[in-house]
Every structure is written in structure tokens, then in C-alpha cells.
Amino acid sequence: MEFHGNCKRVFQEEDLRQIFLLTVEVLRNFSLQEHLSAQMSSVFQRYLALANHVLSWNFLPPNLGRHYIAMFESSQNVLLKPTESWREALLDSRVMELFFTVHRKIREDSDMAQDSLQCLAQLASLHGPVFPDEGAQVDYLAHFIEGLLGTINGIEIEDSEAVGISSIISNLITVFPRNVLTAIPRELFSSFVNCLTHLTCSFGRSAALEEVLDKDDMVYMEAYDRLLESWLTLVQDDKHFHKGFFTQHAVQVFNSYIQCHLAAPDGTRNLTANGVASREEEEISELQEDDRDQFSDQLASVGMLGRIAAEHCIPLLTSLLEERVTRLHGQLQRQQQQQLLASPTSGSADSKTLDDLYEDIHWLILVTGYLLADDTQGETPLIPPEIMEYSIKHSSEVDINTTLQILGSPGEKASSIPGYNRTDSVIRLLSAILRVSEVESRAIRADLTHLLSPQMGKDIVWFLKRWAKTYLLVDEKLYDQISVPFSTAFGADTEGSQWIVGYLLQKVLSNLSVCSSEQGLADDTVQLLVTLVERRERANLVIQCENWWNLAKQFASRSPPLNFLSSPVQRTLMKALVLGGFAHMDTETKQQYWTEVLQPLQQRFLRVINQENFPQTCQQEEVKQEITATLEALCGIAEATQVDNVAILFNFLMDFLTNCIGLMEVYKNTPETVNLIIEVFVEVAHKQICYLGESKAMNLYEACLTLLQVYSKNNLGRQRIDVTAEEEQYQDLLLIMELLTNLLSKEFIDFSDTDEVFRGQEPGPAASRSVSAADVVLYGVNLILPLMSQDLLKFPTLCNQYYKLITFICEIFPEKIPQLPEDLFKSLMYSLELGMTSMSSEVCQLCLEALTPLAEQCAKAQETDAPLFLATRHFLKLVFDMLVLQKHSTEMTTAAGEAFYTLVCLHQAEYSELVETLLSSQQDPVIYQRLADAFNKLTASSTPPALDRKQKMAFLKSLEEFMANVGGLLCVK
């Protein structure tokens, strides 16, 4: 590897530069020719491809440590970062001009255009020591942009050019520092941004056409995405560009996006289609990913541009939505009247009108959702500052009472309310979506569900969930300043927030009453419900609504239509009902609530399983449905666990877990039910183990151990030899490994305070019982190891979960490993070796992390004839070879280094032997001496090596130097 690196350096400094200069000369001669024969054209193409190879060369920096060469070589998407010696060759403005000239000459030949655009994209990414100073960068960039504008302006871009041009622009914006970009002449920069705006709008329109025509090769979509990312880079930089700098450009890009997604006459959507959607198209669209996920990056970029230009975009979205919801209302009324009169309908024309309206509303809601709120994972969602500032700026013109009236009248047209123009624009935009929601709800009540779009229903609740997370009961402490209309309309202790919570809850009930067949809509609807109760402040308002109690009773009695909802939806609904139960209520009300929500679950379950003939009736569809519904509900209850409710929920769930083990016997030949039972245990362990003190944890360990024993008994002798089987068929193994991993996680994450959360519920000391996590986990491992064949390890999920589990065990209970039965011990050691030598780098790293605690355990035990001691000797050789003879990433060096040091401490004589063997095999005296010196330095800081943290850290530092010095010396490229 080192030899390869040196050769490459010599080549890139001299020969490669000469090749490039020769290539440029040939291309220059060709570019002067008026007409090229077929043969000359072929030669020209070869030289152009050669230029592309040179400009895409991954230049090795002069003093890169040998260890980093392999990592550097493997990097993708290479940017052009040549050494200083290339300055003259690349900063000559004639070279850049030549490549623009070449592209203009051959741009209609799509194959050659790919190479010429790639050359230009690489030149657009030029950076590093090739530039003597910032001034040279500014000159180069200005010159490049002039060439680019001269090439693009006034031409019709070919399909094959779109991605290349977007790459060039993306590289210019992301690679060149912002201060260099702003230092080019102002007019030139202005022309560049205008060109970027024009291209973004143009590519956006072409991308929309690709979508309609369902093309396989979505070149404009890729180019459009890249340009939108470039916009984000620019508009989020308020240090170099003053506020409002990009507003007009943002307006153009935003308008263009909206136009592409609206039907004629306002928009250009489907203009190439003949207007008749075939059944085939509908079926295909059923299989497609939801637009809000598929185009999330695009929507996020457009939403951000909409915020930059909020003054224009928010009123625009409002007027477009209000106009369409009025038309939708009229259309549905007309169809209802035709139904009542039983008159012949104009059928397909009405259907086409409705479809267009639904599609328009779909996109308007998505854009509004991304403009008003961010998708925050695990963070507190905040109102975007641009939206807050926009509302505050106009608050002096706003009549609060009229704003509240429009918000609270989703059944009325906004324009029918006196003074409607003096409302807060953001709240009016929200009320436009509430009006869409209201039209849908009224259509459901009028039995027009068959005319509604399930997609629009999903969009509405998706938006309401996203909006509620960010705006509902806005926490004023999180903001420097707050909009008065916002705090009045949906702040804490306001009538507005109480009304909205009631309205959203009504929406949830309305949807759940009709959407049992629409899985996606039901799922989004219950997610909205969870959002309403997951924060205590919102839950306090929810439980004051009569509808909440009605929902709880209806779900608990398992009566239609809620009992028709799919299992995952019922699970989430249960989670929401449990979270709601921990809102602020007096003791009597709380008791009543739990009696209505949890008690029926328990009573029905016990009634079913305690019937004398249950073993005979258990496979009846009705009984199975009852059992499945209960198990799903238990998972939902576990998912609702929080630190302040774990005491109640754990005690409730423990009563069930024992009965669930009994079900394992009854349903042993029904894999889906067995999996669901194990999943209940997985969820309880995952959500609750970290809060449990010693005695409660022991209760759970005992239950899990019994579960595994029953599983083991039922699976005894079961062969898993079907190598063609899908991974899903091994779901039980995956779940058991997940369960064991969750139990082990308590050793890392423990929030319990000696059962503080269970005060007053303790039965007394747990010393008499001695089931520990180790017992359960090792029993589980005894169960899993014999089943984990090499064929099963080909399944990535199973493989990762398995290695994560065995690494955890080695780290937490290393003292238990030598106690494993001989065949299982061998199986575990073989798994570790396989993971280090034949699996992904992630798995290899896990195995290396497992070796350190095992070697430390050996050092403590001092049993030199023990199987573990002998196994670690073998691993020393494996790790030694990995570090010295094989290519690996820097992340791996750390894990391998820690394991290596511990193994060297344990087997010092064997380590010396390995070094001697390696040295004696070297023919070249120079390499021999370098290696000998490097090995001496490596252990100089820790002689003799001992298991001491200070020595270990010194060794790891020495190892870094060792790898930098001789790391690539013996690797074979």
C-alpha cells in the first residue's frame, strides 16, 4: 500500500500533468476544426474521456500518512484538489475556456456531452493548495461563471445536459467559500443568481413532466433536487447576504413549483396528459411511496424558500386553498343533489373536476405543512423564526377578534366574515386548511364518503399533527418574542386552544368512524391523537372533552367501527388512551378513567383464556382476533411508558405477562401469535427496564426466563434448514435477540432509584430470589447459538442483531463466557472469528469490541490452560494480521488497537514470536529495519505491557504513529 502511494505521488506530479497538457493540446486542435470525420470524432471522444479521468483523479496530498491512503483511495465523489505543482496547468484561463468551447461544439452528442460536462463539474470543484491566495480563487471563480453564463444563456438545454449543469452549479456554490463567491463583481454574481433561478424553474417544470410521463430516467428530477439543495446553501447564510437578498428569486422558484403542481388554468400539471386516468395508473400509484415522503427534500427546500418570501407565499397559498375549498364544497353539494334527485350525472366530467381539485389541494397542503413547520425528530419543534417575524411585523394591522372568528368558523367562507382582511395571515392560512377538513367531515356526515379522496384525508391529519406539535399551546419561554395573534389563538389558557383541541379530537373521531378500510388514513389519524396527548399540557385540555371519554369507552368495549381498525392502528390508539390517562385529573376521575380503559381489557382477556374449552376454541377466528387485539393493546400500553407512569403500567402489564406465557403453549403452532407474544415482552423490556429497581427487574427477568424455557421446549429439534426462506420466517429469533439485548441495556442505561418510582409497593428484599439478567441472557444465548447458522447470518438484520447481542454479553458478563458448555463456547468463538474475517466492517468492529473484555477476564482468572485463554491467543494473531497486513478504516484501528493491547498484555511471548516471524520473512533490509524500529517504538511506552489505563492510552497513541509509519507497508493493493 505504501509503495502504491509513493508511485501514485510520483505519477501525479509529473506524468499525469504531462498527459493532461498533451490532452489539452489535442482537444484545442480538434476544437478548431470545422467538421470532424467519424474517425476523428472517435479520437476526439477518447481524448475527452481521458481529460475527464485526469480531472477526476483522486490526488494524494504530499504528506498523507500511509495508514490514511486506503481510506483516501476509497472515497467517492472526488473533488479536484491537485497539488501546488498543477497551478500553472489549471489556473491558465485558456484551459477553462477550452472546455467550455469543447462543450458548445459537441453538446448535441449526448455521450461526449457527459464527459465534457463532467470535466467542467470537476473544474468547478477546484480547491486546495493550487490557489496561491484568495484573490486567485476570486479571479478563477469569476472567469468560470462568465464561461458558464456564456454557454448556458440563450440555448435550449438538452435532456442529457441537465444533471451535468446542476453538478457544475452545485460544486461552485458548495466548494468555493462564501466570501470568495461574494467577492466576484456584483453584476456577475447577480447574473449568476438570475441564471440559477431560471434553471431551477425550468428544471422544475421538466421534472414535473417526467413525473406525469412516468419516465424511468428522471434526469430533470435529479438536476432539480441538486439545484434546490444549492438554494438552501445560499439562503441559509445570513452572514454574507443581507435579509431579503434572495426574496425575489425565492418568489420565482416558489411560484414555479406551485404552478407545476396545480391543474390548468392556474397551473401546468398534466398538460401533456390526455386527461383520462387509466385504471392501470391508479393501481401503480397505490404502490408508490407517499408524495410527502418521496419528495420530502424538495418540499423542505420549497418550504424554506416560501419562508424567505413569506410576504408573498403565505397569502398566495391562502387564496389558492380558499378558492379550491369553495369549489370543492360546491362540487360535493351538486353531486349530493344529483344523488337525492336520482338524476343522471355527468359522470366522468364531474369525476375529473373532483380529481383535479383533490390533487391541487393535496400539493397545497403539503407545501403549507413544510412552510409552516419543520419535521423535528426528537427535538422540541419551534415555530420557524421567519414565520414568527412575519406575524409580529403585521400584528399591528390585525384585528384579534376577527382572526379568532375566522379560525373558529371552519364552516364559513373567510370572505363572508366582516373585516376578514384584517386577520393574521398565518392563522388565516391555517383556517383555510381547517375549512378543507370541515368540508370533508360534513361530506362524511352526509354519506358522501365514496366521493372523498383518502389521500386528502391523510394530508389533512398529517398537516394538523405537524402544525399541533409546533404551534398548539406554544411555549412562550422558548422564544425571544412572540406573536400576539399566536399566543391569543393557541397559547396556554386560551379559549382558542381549548376550541382547537376539541375540533381536532372531533376530526379524529370522524375519521376513525369511516376509515377502517383505509390503513394509511387511520394510521395518520391515530398519530394525530398521540400528538394531542403526548405533552401533558395538551393532554390536560383533551381530557376535558366529552369526545375523549366516548372514544375511550368505545375502544374499551371493542365495538364497531373501532374494532375493525388494523392491529398497528389499535396499538397506537391504546398508546394514546394510556398517555391521556396521565393528564391532570382528581383521584376519583382518574380511577374512573382506568376502570373504563384498562379494566375491560383485563376482564375480556381472562374470560377468554379461562374458559374450560379454550384449548379447543383457541383457533376459532373470533377467539384469535380477541387474543391478537389484547396483545396489540399490551404493546401499545408498553409504548406509552414514561418515568411518571411506569409504576402503574408495569404492575398492570406484569399480570398479563404470566398469562401470555401460557398462551405460548396453546399457540405454539401459530407463528404469528407466538411472535406477537414475544413482542409484548420485547416492548415491556425496551420501554420499562431502565426505570425498574432491583426487585421489579427481577420479576421481569423471571417472566422472560420462563418465556424462553417454554419457547425452547416448543422448538426442540425444530430444523431451520430452508436456505431459500425469507428473513420474516426468522422473526421469532430476531425478537428473542432483541429481547435479550433490551434486558442487557439496563447495564448501560439505568434511571431507577432503588425502586423509587414504586415506593410503597415493594414486597420486601429480593435477596431470596436470584434470577439475574445474566441468567436470562445466557439461557437465551444457549437457545440462539445452535440455531444461528452461516446461512442465517446472510440476513443483514439477523446478523447485526446477533453480533450486537454477543458483543453486549461479552462486555457486560465476560465472567460467564468461560462457564458456557463446550460446544456453545466453541460456537461463540467461531461466530466472533467469522464476524472479524467475513462480515461487514460494522460487525467486525463489534467483534473487536467483544475481545477486549474477554482478554481482561482471562488476565483476571490467570488460567493458562482454560479454553478462553487459548482462544484469545488465536485472536491475537487475527488482530495482528488485521492491523499490519490488511487494509481497514480508521474507525476500525481504534477498536482493533484496544483489543490488540489487551491481547498483547495477555500473550506477550506469542506477540514477540509474531513480530519475529514477520521480520524474518522480510527480504529487503530497509523494510526490515523500518519495521523493527516501528515495533520497538510501539511497545516502548508500555514495557512490560500491563492492564493499566495510562499505559493503554500511551500504547494507542504509539499505535497511531506506528500505523502512519508502516501501516500501508505490507498491505497488498
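Residues numbered from 1 in each chain as written. Predicted model: local features only at pLDDT ≥ 70, side-chain atom pairs only at ≥ 80, totals over all residues. Heavy atoms only, no water.

## Points about the overall build of the protein
At step 1: A count of helices and strands for the protein gives 45 helices and zero strands.
At step 2: Here the C-alpha coordinates of the protein stretch approximately 95 × 85 × 55 Å along the principal axes.
At step 3: Every one of the 973 residues in the protein was classed for burial, and the buried ones make up 53%.
At step 4: The long-range share in the protein, meaning contacts at least 24 apart out of those at least 6 apart in sequence, stands at 78%. (Helix = DSSP H or I, 4+ residues; strand = E, 2+ residues; numbered from the N terminus. Buried < 20%, exposed > 50% of the residue type's maximum accessible area, 1.4 Å probe, protein only. Contact = heavy atoms within 4.5 Å.)

## Quick notes on the packing of helix 38 (residues 796-812) against helix 40 (residues 841-861)
At step 1: It is at 8 Å that the axes of helix 38 and helix 40 come closest, and there the two elements cross at 15°. On the basis of their axis angle, the class for helix 38 and helix 40 is roughly parallel. For the pair helix 38 and helix 40, the sense of crossing is left-handed. Contacts from C799, N800, Y803, K804, T807, C810 and E811 in helix 38 reach E842, V843, L846, C847, E849, A850, P853 and L854 in helix 40.
At step 2: In terms of residue class, the contact of helix 38 with helix 40 is built from nine nonpolar, two polar and four charged. (Axes fitted to C-alpha atoms, helices over the stretch in contact; angles between N-to-C directions. Parallel < 35°, antiparallel > 145°, perpendicular 65-115°, else oblique. Left-handed = near helix turned anticlockwise from the far one by under 90°. Nonpolar A, V, L, I, M, F, W, Y, C, P; charged D, E, K, R; others polar.)

## Considerations on the side chain of T402
At step 1: Within the secondary structure layout, T402 lies in helix 20 (residues 400-407).
At step 2: Setting aside residues up to four positions removed in sequence, T402 forms contacts with I417, P418, G419, Y420 and T423.

## Brief notes about helix 6 (residues 93-106)
At step 1: Counted at 1.5 Å a residue, the expected span for helix 6 with its 14 residues is 20 Å, and the 21 Å between its end C-alpha atoms agrees.
At step 2: Along helix 6, the positions that sit buried rather than exposed are V95, M96, L98, F99, F100, V102, H103 and I106.
At step 3: Considering only its buried residues, helix 6 is in contact with helix 2 (15-32), helix 3 (38-55), helix 5 (87-91), helix 7 (110-123) and helix 8 (134-152). (Expected span 1.5 Å × (residues − 1).)

## What about the side chain of Q331?
At step 1: Summarising the element assignment, Q331 is placed in helix 17 (residues 310-341).
At step 2: Apart from the residues lying within four places of it in its own chain, the contact partners of Q331 are D350, T353 and L354.

## Here we look at the packing of aromatic side chains
At step 1: What the rule picks out here adds up to 39 aromatic pairs.
At step 2: Plain terms: the ring middles of W467 and F490 are 5.0 Å apart, the flat faces sit at 85° to each other, and that makes the pair edge-to-face. One end of the pair, W467, is in helix 22 (residues 454-471); the other, F490, is in helix 23 (residues 484-490), and 23 residues separate them in sequence. F490 shares its class with W467; the two are buried.
At step 3: Members of the aromatic cluster, joined through ring pairs, are F880, F900, Y901, Y911, F935, F955 and F962.
At step 4: Lying across the ring of Y370, R466 places its NZ or CZ 4.2 Å from the centre. (Phe/Tyr/Trp six-rings, centres within 6.5 Å; stacked < 30°, edge-to-face > 60°. Lys NZ or Arg CZ within 6 Å of the ring centre and 35° of its normal.)

## What to know about the pattern of salt bridges
At step 1: Counted according to the given criterion, the structure contains 37 salt bridges.
At step 2: With its nearest N and O atoms 3.5 Å apart, the salt bridge here joins R28 to E25. One end of the pair, R28, and the other, E25, are both in helix 2, three residues apart, so they sit about a helical turn from each other.
At step 3: Judged by its relative accessible area of 25%, R28 is partly exposed. (Salt bridge = Lys/Arg side-chain N within 4 Å of Asp/Glu carboxyl O.)

## Description of the environment of T368
At step 1: Secondary-structure assignment places T368 in helix 18 (residues 348-372).
At step 2: The class for T368 is buried, based on a relative accessible area of 0%.
At step 3: Those residues in contact with T368, other than ones at most four positions away along the chain, are L317, L321, L429, I433 and F463.

## Considerations on the nonpolar core
Taken as a class, soluble globular proteins show a tendency for nonpolar side chains to be buried jointly.
At step 1: Judged by nonpolar contacts, the single largest core of 333 residues is most densely connected at F99, F490, W548 and L700.
At step 2: When residues of this core are assigned to their parent elements, the largest contribution, twelve residues, is made by helix 18.
At step 3: When near neighbours in sequence (up to four residues on either side) are disregarded, L700 contacts F650, M654, L657, V684, A685, I689, L692 and L743. (Core = buried A, V, L, I, M, F, W, Y, C linked by side-chain atoms within 4.5 Å.)

## Some details on the confidence of the model for the protein
At step 1: Across the protein, the average pLDDT comes to 88, with 91% of residues at 70 or higher.
At step 2: Per-residue pLDDT stays below 50 along residues 273-285; that stretch engages in three contacts with residues further than four places along the chain or on separate chains.
At step 3: Low confidence marks residues 762-768, where pLDDT is under 50. Its contacts with residues over four positions away, or in another chain, come to six contacts. (pLDDT = per-residue confidence, 0-100.)

## Description of the environment of L32
At step 1: Note that L32 resides in helix 2.
At step 2: Judged by its relative accessible area of 65%, L32 falls in the exposed class.
At step 3: For the pair L32 and V102, spaced 70 residues apart in sequence, the C-alpha to C-alpha distance is 9.5 Å.

## A short note on unusual backbone geometry
At step 1: The linkage connecting A264 with the following residue, P265, adopts the cis geometry, with an omega of 5°.
At step 2: Structurally, P265 is set in the loop between helix 13 (247-260) and helix 14 (279-287).
At step 3: Of note, the bond from P560 into P561 is cis; its omega dihedral lies within 30 degrees of zero at 0°.
At step 4: Position of P561 relative to the elements: it lies in the loop between helix 27 (546-556) and helix 28 (567-580).

## A look at the environment of M304
At step 1: Here M304 is to be found in helix 16 (residues 296-308).
At step 2: Placed 509 residues apart in sequence, M304 and F813 show a C-alpha to C-alpha distance of 50 Å.

## Describing the packing of helix 39 (residues 822-838) against helix 41 (residues 867-885)
At step 1: The contact between helix 39 and helix 41 brings their axes to 11 Å, and the two run at 5°. As far as their axial angle goes, helix 41 and helix 39 are roughly parallel. The residues of helix 41 that touch helix 39, namely those facing F825, M829, L832, E833, M836 and T837, are P867, L868, A871, H874, F875, L878, V879 and M882.
At step 2: In terms of residue class, the contact of helix 39 with helix 41 is made up of eleven nonpolar, two polar and one charged.

## Re the state of the cysteines
At step 1: Going through the model one piece at a time under the given rule, you end up with zero disulfides.
At step 2: In this structure C201 is a free cysteine whose sulfur lies 8.3 Å from that of C260, the closest cysteine sulfur available.
At step 3: For C201, a relative accessible area of 9% translates into the label buried.
At step 4: A disulfide-free cysteine, C858 has its sulfur positioned 11 Å from the sulfur of C810, the nearest such atom. (Disulfide = S-S within 2.5 Å.)

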